[in-house]
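What follows is each chain in one-letter form.
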Amino acid sequence: MTNFVTQGSEQKRPNRLKLNAINSIAFTAVAFLIFAYASGVLSENTLAEFNRIYADFIFLSVIIISIALKFRKPALVVDPIYWLLLGAAFFSWFGVSILRIALWQELSNTVKDMITNLGYFLYFALSIAAIEVKSYRSDRQLRELPSLIIWGSTLSFVLGAFIFLVLTQSKGAAVTANHFHYTFVFYLLMDLYLCARWLYLSWVCRNSHWHAYFLLGLAAFNWGVADFVEGLSYTNYLDGTWNLSPANWSDWLWYTPYILIYVALQMKVTSSDNQNAVPNFTRSHLLNSPIFFTIICLTLEKLINNHSHLFTSLNSTQTLAFNLWIATCLLFAIIQLLLLGKQARKSRAQLLEANNSRKVLQQRMEQQAQSLIDQAASNQTILETTHNAIFTLARDGKILSCNPAACELIGYSQETLINAVFIEVTQAEGELSRFFTYQSYRQKLSSTTGGVEIESLIVNASGEKIPVHVTLSQETKSNQGFLVVSLVNISAQKQAEQEAHHLKDQFTANISHEFRTPLTIINGVLENLLNHENYQDDKEQIETAKRNVLRMIRMVEQLLELSRIANDPITLSPLNISPVINFVCTSFDEIAKNQQLEFNYRLPKEAWVIGNPQALEKILFNLLSNAFKYTERGKVQIDLQLSAENFKLTVTDTGVGIDGPQQAAVFERFHRVESQTVKQRHGVGIGLALVKELCNAMRWNIEVESKLNQGTQFTVTIAQALSSQVDAHHRSIDEFVSLSESTQQSMAAESFEAQTSRQHQPLKKSKNSVLVVEDNPDMLSHINEILSPHHHCLLADNGEEGIRLAIDYLPDIIISDIMMPSVDGYELLKTLKKTNMTSHIPIILLTALSDSDSKIKGLEAEADDYLSKPFDGKELRLRVNNQLKSRLKLQQKLSAQWQQHNHELLPANLIEDKFVQKLEQVFEKNYRNCDFSILDLAHELAMSDRQVQRKIKALIGISPLETLKQFRLRKAKPLLESGDQIGVVAQSCGFTSQSYFGRCFKEVYGMTPKQFQKSG
């Protein structure tokens, strides 16, 4: 944009310099001319010769140059046409002035008169045409039929006047000293017509830049006066009282119009687009109407015939010319009247149609108005009869209206409620009150279509708290911003929910009690078996059973605690929570040591609150249990600090963390976080629900903050106990000496699980997948047991299923039996080795056929290894691992050779090289195409995109797109070495941009393309 403005300014600057130069020359010339006439410094002969020969030339030169500077190409075509016609008008006069200087003395009087009259005719005709063009917005309008009528009638008027008054007068009677020349009649008629047209254009544009048109009208009027005076000078009417000879002040009758025109050309004029935007501006008006021209013709003929002492009588040629002139004007007038009649009929039809449409629209509006009235009445009826309490509120929360149900719900009369503040009348709590307190909640309501639904508590006139379902919506049809609040009494629903919860808690408590006795017996039996010497070989299985029994006992205790909270209130009293927290933390020290966790806790000596020690035990135990469960070799920390009369107990870990959207639901019953890491840990989602219930029961507040893969922090906010409460119920700091029975059982379960889990940590599996094809179910299960702890296993019980799984999943290695029905191991081997997408997969044949011929047959079919049954499990694992390592080395070799474009180093009998060669052929054909995608590559290789991904990843170790990028970079290196431009190289090698090409090149070769060229 800045460059454009600068360029435009540079283009305008020469024009301004030229304009300033022309203004200086014009001002100097006029000043010198005034000085010459006033001082007499020049002789009368010199001034007379200047007036007769040079004056028109000089003035017209300045005017034509000014018009040329005005001529430019704006958005509208008609504006340059206007300046072109106006310049041509003055240039026709300018041509006559040139002839007066150069050839005038050599021409006869007849030729001189003809040239002069023709020049003036062209001046008048082109000036009128320029004015007419100003009435149009586009060149298309110039070609319309009404416009052509106007153009034709105007041209016929000017041309007819020229023929009638100028060309045919030589054939009339001799002109006496008392007769006015017809030539000056033509000049006077045209000057006055031009004056009228300029002044009318000035009037139309009176609201914007009219001054230039007004000055041009004054100039035309001045010339009319000059022509009239000059015409009189050829008669005896002046009686010599006026000296009109050159070299006196009468010369300024002709000089003044030039000055007015020059000044007008320095002013800004309205563009045709803005000019035509004036409502009363029309192309057709009185001054260009054929009827007006006809009236002028008849008036002129009447004037000539009735004043024989001023004009010579008309000859036959003039009479004929006049008759043709008046006939032409009448013809155009008739055509225009016909067009006006047609347009009037069309306008009348449109008006009638518009009137009919208005009546139809009026009927529809009346129907809609009646419908709205009926709807309003219906809405009022519904509002009065509905059971929902409905309020209409102003922006400030004042009640504007309410229905009878609202009065019944609140317990106040309608007169009392109107103009009262809704939030004060209802004493609403929680989220409902925030919509009237915080602007952000109001903005949330404005941006929500359909309103907001929440539940809240309100207080009626009797002081009774009523649970309600609230629907808030904002009126958007006007700018008033009314709020509509609908309240539904849900007391019965809440009571039914409470009864249902009570029944559910009672059922949970009953069934949990029933679980406790058998679980206790099972736990005792398992404990005896662990201590019995005869069962030491089964110790691992017994420990597993004991761990699960302890988990069930803990879950039962938590379920019982949840039911007790709902039915029996917790006893609250002043409590020093520091020794309770310290005792629980000390109990977790051994567990932290077993799990190799860093466990820290910082506690003040005293921290008095209102609470229950057993509830605090359970809260802290569950929070620590979760922290230890989801943190591996990390850190767990507990802090207790006093902040603004509140104690903040924080439990922080560096574990797996919780994703943001799931944090709000962690305190719900039986909710478990949707995460693969979390799912690997046991749990049913009761612990944190119990923590939340216990906190609510003691009026404590708990919050959670967590970041995925960074850790979690639970914060319990507890109000500090008052000094009077502590003094009235002071207890020793060391009063708390032991945990409750249920907490001790849970601690035992945690400790046992931590000890045994370290002894039996699951083996970490590799990322490799193994396809096992075996028709014997027991053998298939046995091989799976051997390999599944180390690799991901795919199982197939026949050869056809094995081929299908191999093509679909492209495993890293295949183990297949030979003796199978339908498709045996040899056929499976040949099929997979001949298939491009599976040819790279190593295959181990596993069979009871241990003879040498069978081994040779398998190896000839390109089996990678051969193992006879019976086999040792460890040997099978080693053979699988060796094949995977060999495949990894081959992959690394192929990857390095691909990057170096060195396929000659590959053994010729490697079938993988055939696929690589095919891949290179496809890339060679398409690498210049920047839109070449993995789908196109899969189509070229007759494979699916998923198979292409796995095949290339298995062979070369990188993705197909990375493979293509490296190929393009190889192609770019010789081009850069030859000195080609970097941008051209990037485009020719299929890169979408030069910057992306540069980044890719530097990632692979460690230098930018420019540095590579310099290094070469």
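Predicted, not measured: the structure shown is a model, and the values here were computed from it.

A.B. asks: Break down the UniProt feature "modified residue: 4-aspartylphosphate" (unreviewed entry) in the protein for me, with residues and values.
C.D. replies: Under the feature "modified residue: 4-aspartylphosphate" (unreviewed entry), the UniProt entry names Asp817. The buried category is assigned to Asp817, whose relative accessible area is 5%. Here Asp817 is in contact with Val773, Glu774, Asp775, Gly825, Leu846, Thr847 and Lys869, once residues within four sequence places are set aside.

A.B. asks: So, the side chain of Ser578: which residues are in play, and what are the values?
C.D. replies: When you line up the elements, Ser578 lands in helix α20 (residues 577-587). Judged by relative accessible area, which is 4%, Ser578 ranks as buried. At a separation of 2.8 Å, a polar atom in the side chain of Ser578 contacts the main-chain carbonyl oxygen of Pro604. Ignoring any residue separated from it by four or fewer positions in sequence, one finds Ser578 in contact with Leu603, Pro604, Lys605, Glu606, Ala607 and Leu640.

A.B. asks: Please provide a residue-by-residue account of the pattern of salt bridges, values included.
C.D. replies: The full count for this structure, using the stated rule, is 11 salt bridges. Its salt-bridge partner being Asp639, residue Arg602 comes within 3.0 Å of it at the nearest N-O pair. Taken together, the residues span a long stretch of sequence, with Arg602 in strand β7 (residues 598-602) and Asp639 in strand β9 (residues 635-643) at a distance of 37 residues. Arg602 sits in the exposed class, given a relative accessible area of 51%. Its salt-bridge partner being Lys965, residue Glu962 comes within 3.1 Å of it at the nearest N-O pair. Here the residue Glu962 and the residue Lys965 both occupy positions in helix α35 (residues 960-977), the gap between them amounting to 3 residues, near one helical turn. Members of the salt-bridge network, linked through shared partners, are Glu801, Arg804 and Asp808.

A.B. asks: Could you give an account of the sheet that holds strand β3 (residues 452-459), naming the residues involved and the relevant values?
C.D. replies: Taken in spatial order, the 5 strands line up as β2-β1-β5-β4-β3 in an open sheet, and their pairing is antiparallel. Edge positions in the sheet fall to β2 (399-402) and β3, since each of these pairs with one other strand and no more. Between one strand axis and the next, the sheet turns through 30° on average, direction left out of account. Judged from the 5 bridges that link them, strand β1 (residues 389-393) and strand β5 (residues 483-489) form a sheet pairing that is antiparallel.

A.B. asks: Report on the sheet that holds strand β12 (residues 711-719), specifying residues and quantitative values.
C.D. replies: Note on sheets: strands pair through backbone hydrogen bonds, and any given pair is parallel or antiparallel. Spatial ordering of the open sheet is given by β7-β9-β10-β12-β11, a layout of 5 strands whose pairing is mixed. The open sheet has two edge strands, β7 and β11 (701-707), and neither has a second partner. Neighbour-to-neighbour, the strand axes of this sheet turn through a mean angle of 15°, independent of strand direction. In the sheet, β9 pairs with strand β10 (residues 646-653) via 8 bridges, with the strands oriented antiparallel. Bridge assignment links Gln637 to a residue of β10, and that residue is Thr652.

A.B. asks: Go over the environment of Ile844 with me, naming the residues and quoting the values.
C.D. replies: Considering the arrangement of structural elements, one finds Ile844 in strand β16 (residues 843-847). Apart from residues lying up to four places away in sequence, Ile844 is in contact with Ile813, Ile814, Ile815, Ser816, Asp865, Arg879, Val880 and Gln883.

A.B. asks: Now, about the packing of aromatic side chains: what can you tell me, with residues and values included?
C.D. replies: To describe a pair of aromatic rings, one takes the distance between the centres and the angle between the planes. One pass over the structure, following the stated rule, counts 41 aromatic pairs. Taking 4.9 Å as the distance between ring centres and 5° as the angle between the ring planes, the aromatic pair formed by Phe59 and Tyr258 counts as stacked. Of the two residues, Phe59 is situated in helix α2 (residues 44-70) and Tyr258 in helix α9 (residues 252-265); the sequence distance between them amounts to 199 residues.

A.B. asks: Before we move on, can you summarise unusual backbone geometry with the specific residues and values?
C.D. replies: The residue Asn419 is not glycine, and still its phi comes out positive at about 70°. We note that Gln427 has phi near 55°; this positive angle belongs to a residue other than glycine. Residue placement: Gln427 occurs in the loop between α15 (422-426) and α16 (431-434).

A.B. asks: Describe α9, with residues and values.
C.D. replies: Taking 1.5 Å per residue as the helical rise, α9 with its 14 residues ought to reach 20 Å, and the 20 Å between its terminal C-alpha atoms agrees with that figure. Along α9, the residues that are buried comprise Trp252, Tyr255, Pro257, Tyr258, Ile261, Tyr262, Ala264 and Leu265.

A.B. asks: Which residues make up a nonpolar patch on the surface, and what values go with them?
C.D. replies: Together, Met114, Leu155, Leu159, Ile163 and Leu167 make up an exposed nonpolar region whose accessible area comes to about 410 Å². When residues in the nonpolar patch are grouped by element, the largest group, 4 residues, is from helix α6 (residues 145-167). Following the sequence through the fold, Leu155 ends up in helix α6.

A.B. asks: I'd like a rundown of a positive patch on the surface, residues and numbers included.
C.D. replies: On the surface, Lys342, Arg345, Lys346 and Arg348 cluster together into a positively charged patch. Note on placement: Lys342 falls in helix α12 (residues 316-385). Taking relative accessible area as the criterion, Lys342 reaches 56% and is therefore assigned exposed.

A.B. asks: Go over helix α29 (residues 825-834) with me, naming the residues and quoting the values.
C.D. replies: An α-helical segment advances 3.6 residues per turn. Residues three or four places apart therefore align on the same side. Three or more residues of α29 are buried, namely Gly825, Tyr826, Leu828, Leu829, Leu832 and Lys833. Each buried residue of α29 sits inside an arc of 160° when the element is viewed along its axis, so together they form one side. The residue sitting at the N-terminus of α29 and contributing the capping side-chain oxygen is Asp824; that oxygen lies 3.4 Å from the backbone nitrogen of Tyr826.

A.B. asks: Describe the packing of helix α8 (residues 211-233) against α9, naming the residues involved and giving the relevant values.
C.D. replies: α9 packs onto α8 with a crossing angle of 170° between their chain directions and a minimal axis gap of 8 Å. Our classification of the angle between α8 and α9 gives roughly antiparallel. Taken together, the residues of α9 that come into contact with α8 (itself represented by Ala212, Leu215, Leu216, Leu218, Ala219, Asn222, Trp223, Ala226, Val229 and Glu230) are Leu253, Trp254, Thr256, Pro257, Tyr258, Leu260, Ile261, Val263 and Ala264. The residue inventory of the contact of α8 with α9, partitioned by class, reads 16 nonpolar, 2 polar and 1 charged.

Definitions and limits used
Residues numbered from 1 in each chain as written. Predicted model: local features only at pLDDT ≥ 70, side-chain atom pairs only at ≥ 80, totals over all residues. Heavy atoms only, no water. UniProt positions renumbered as here; feature names shortened; annotations may be inferred. Buried < 20%, exposed > 50% of the residue type's maximum accessible area, 1.4 Å probe, protein only. Contact = heavy atoms within 4.5 Å. Helix = DSSP H or I, 4+ residues; strand = E, 2+ residues; numbered from the N terminus. Polar contact = N/O pair within 3.5 Å; in protein donor to acceptor, adjacent residues only side chain to side chain. Salt bridge = Lys/Arg side-chain N within 4 Å of Asp/Glu carboxyl O. Pairing = 2+ DSSP bridges. Axes fitted to C-alpha atoms, helices over the stretch in contact; angles between N-to-C directions. Phe/Tyr/Trp six-rings, centres within 6.5 Å; stacked < 30°, edge-to-face > 60°. Expected span 1.5 Å × (residues − 1). Patch = residues over 30% accessible without salt bridge, like charges linked within 9 Å, V, L, I, M, F, W, Y side chains within 5 Å. Areas by Shrake-Rupley, 256 points an atom, 1.4 Å probe, with all protein chains shown as cover. Lys, Arg positive; Asp, Glu negative; His and termini not counted. Charge placed at Lys NZ, Arg CZ, Asp CG, Glu CD. Arc of directions from axis to C-beta. Parallel < 35°, antiparallel > 145°, perpendicular 65-115°, else oblique. Nonpolar A, V, L, I, M, F, W, Y, C, P; charged D, E, K, R; others polar.

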